[in-house]
Amino acid sequence: MGKYNLILEIDEQEVDAVFQRLVKAIEEIQQCYYELNRINAIKFKRETPLPEETGEKAIQK
């Protein structure tokens, strides 16, 4: 018991079931990402080019 005299009760089967669903969802998202990446559907672009890309020197902080 803690400072407020509360006891934490957890239904481990319910929690495990939720986490198993979460793991499956993460795996599905990863698989979709890999598939999109494989077909080259995802491309990251910058709104503005890096200074090195334009021939400028980067500002040192």
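1. Some details on the overall build of the protein
Scanning the protein for helices and strands turns up 2 helices and 0 strands. Taking all 61 residues of the protein together, 0% fall into the buried category. If you sum the accessible surface of the protein, you get close to 6,900 Å²; carbon and sulfur atoms cover 54% of it.

2. Observations regarding the packing of aromatic side chains
Given two aromatic rings, one states the distance between the centres and the angle between the planes to describe the pair. One pass over the structure, following the stated rule, counts 1 aromatic pair. Between the aromatic rings of Y33 and Y34, the centroid separation amounts to 6.0 Å while the plane-to-plane angle is 65°, which identifies the pairing as edge-to-face. Looking at Y33, the relative accessible area reads 38%, which means it is partly exposed.

3. Quick notes on a nonpolar patch on the surface
A cluster of nonpolar side chains, namely L8, I10, V15, F19, L22 and I26, defines an oily patch on the protein surface of about 600 Å² accessible area. You can see I26 is positioned in helix α1 (residues 12–38).

4. So, a negative patch on the surface
Side chains of D11, E12, E14 and D16 sit close together on the surface and give a patch of like negative charge. By secondary structure assignment, the location of E12 is in helix α1. For E12, a relative accessible area of 60% puts it in the exposed group.

5. Quick look at unusual backbone geometry
If you check the backbone angles, N5 has positive phi at about 55° while not being a glycine. Structurally, N5 is set in the segment before α1. We classify N5 as exposed; its relative accessible area is 54%. Unusually for a residue other than glycine, N40 sits at a positive phi of about 60°. By secondary structure assignment, the location of N40 is in the loop between α1 and α2 (51–54). For N40, a relative accessible area of 46% puts it in the partly exposed group.

6. A few points about α1
Working note: α-helix, 3.6 residues per turn, so residues spaced by three or four point in the same direction. Taking 1.5 Å as the rise per residue, α1 with 27 residues should run 39 Å; its terminal C-alpha atoms sit 38 Å apart, in good agreement. At the exit of α1 stands N40, carrying a positive phi of roughly 60°.

Definitions and limits used
Residues numbered from 1 in each chain as written. Predicted model: local features only at pLDDT ≥ 70, side-chain atom pairs only at ≥ 80, totals over all residues. Heavy atoms only, no water. Helix = DSSP H or I, 4+ residues; strand = E, 2+ residues; numbered from the N terminus. Buried < 20%, exposed > 50% of the residue type's maximum accessible area, 1.4 Å probe, protein only. Areas by Shrake-Rupley, 256 points an atom, 1.4 Å probe, with all protein chains shown as cover. Phe/Tyr/Trp six-rings, centres within 6.5 Å; stacked < 30°, edge-to-face > 60°. Patch = residues over 30% accessible without salt bridge, like charges linked within 9 Å, V, L, I, M, F, W, Y side chains within 5 Å. Salt bridge = Lys/Arg side-chain N within 4 Å of Asp/Glu carboxyl O. Lys, Arg positive; Asp, Glu negative; His and termini not counted. Charge placed at Lys NZ, Arg CZ, Asp CG, Glu CD. Expected span 1.5 Å × (residues − 1).

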